[in-house]
Amino acid sequence: MTTAGDQDRESKAAEYLQALRSMTGELERAMQAIARNALSDFEESIDHQQVLSARLARLADDLSVSLQTQPAIARASMDEDMTRQIRSAGDTLQQLNRRYAALLQHSSRSVALMTSFFSSFHGQFQEASGPRLKHQTWSCQM
């Protein structure tokens with residue numbers, strides 16, 4: 001027999017699974033935006049990630065409270081397939097999150113290097129003087 005508490009827990013578990021999958025999609029979208037250098041898409045994805053993070057935290061708290069108040073009933077009411085799907089989605093999200101963090105760290109280092117390079121570059125060229133002013137020569141030393 002299914003009680004209202006069981007149905008609420010199942011509903012929250014399904015919502016949690018959907019939020020995990022949505023977060024995975026947002027991380028992929030953010031990485032694609034970085035690759036395309038699409039700042040507005042990246043910023044929009046960051047906003048969605050913040051909303052999803054808050055939602056995931058709230059749902060995780062709700063689900064853990066029901067486990068603490070009625071552990072035996074809550075565990076029994078959770079569908080085994082749903083539990084497997086949540087674990088799988090969580091594992092996928094963790095792997096993607098590690099890739100995303102590495103990409104952001106690498107991008108940050110690249111930006112810092114470029115900033116350092118361009119801040120030290122004054123953009124001053126010295127032009128040759130004399131009759132060969134317009135001629136350029138390339139040389140290579142071996």
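Residues numbered from 1 in each chain as written. Predicted model: local features only at pLDDT ≥ 70, side-chain atom pairs only at ≥ 80, totals over all residues. Heavy atoms only, no water.

**With respect to the pattern of salt bridges**
Considering all chains together, one arrives at eight salt bridges under this definition. Between D62 and K12 there is a salt bridge, and its shortest N-O distance comes to 3.2 Å. Here D62, found in helix 2 (residues 39-69), pairs with K12, found in helix 1 (residues 4-36); they are 50 residues apart in sequence, far enough to count as distant. The residue E15 makes a salt bridge to R58 at a minimum N-O spacing of 3.7 Å. Here R58 lies in helix 2 and E15 lies in helix 1, a separation of 43 residues in the sequence. You can call E15 partly exposed: its relative accessible area is 28%. Several salt bridges converge on common partners, so that one network encompasses D8, K12 and D62. (Salt bridge = Lys/Arg side-chain N within 4 Å of Asp/Glu carboxyl O. Helix = DSSP H or I, 4+ residues; strand = E, 2+ residues; numbered from the N terminus. Buried < 20%, exposed > 50% of the residue type's maximum accessible area, 1.4 Å probe, protein only.)

**Examining the side chain of R9**
With respect to the helices, strands and loops of the structure, R9 is situated in helix 1. A polar contact is formed between the side chain of R9 and the backbone oxygen of L63, at a distance of 3.1 Å. (Polar contact = N/O pair within 3.5 Å; in protein donor to acceptor, adjacent residues only side chain to side chain.)

**A word on the environment of A101**
In this fold, A101 is placed in helix 4 (residues 80-120). For the pair A101 and L27, spaced 74 residues apart in sequence, the C-alpha separation works out to 9.9 Å.

**A short note on the nonpolar core**
Counting residues in each nonpolar core, the largest one holds 22 residues, and the members touching the most others are Y16, L20, L56, I86 and Y100. Broken down by secondary-structure element, the contributors of at least two residues to this core are helix 1, helix 2 and helix 4. With ten residues, helix 1 is the largest single contributor of residues to this core. (Core = buried A, V, L, I, M, F, W, Y, C linked by side-chain atoms within 4.5 Å.)

**With respect to a nonpolar patch on the surface**
Taken together, the side chains of V111, M114, F117 and F118 make up a nonpolar region of the molecular surface, amounting to roughly 430 Å² of accessible area. Here V111 lies in helix 4. (Patch = residues over 30% accessible without salt bridge, like charges linked within 9 Å, V, L, I, M, F, W, Y side chains within 5 Å. Areas by Shrake-Rupley, 256 points an atom, 1.4 Å probe, with all protein chains shown as cover.)

**Let's talk about the side chain of S45**
With respect to the helices, strands and loops of the structure, S45 is situated in helix 2. Under the relative-accessibility criterion, S45 is labelled buried at 0%. A polar side-chain atom of S45 sits 2.9 Å from the main-chain carbonyl oxygen of E26. Once residues within four sequence positions are removed from consideration, S45 is found in contact with E26, R29 and A30. (Contact = heavy atoms within 4.5 Å.)

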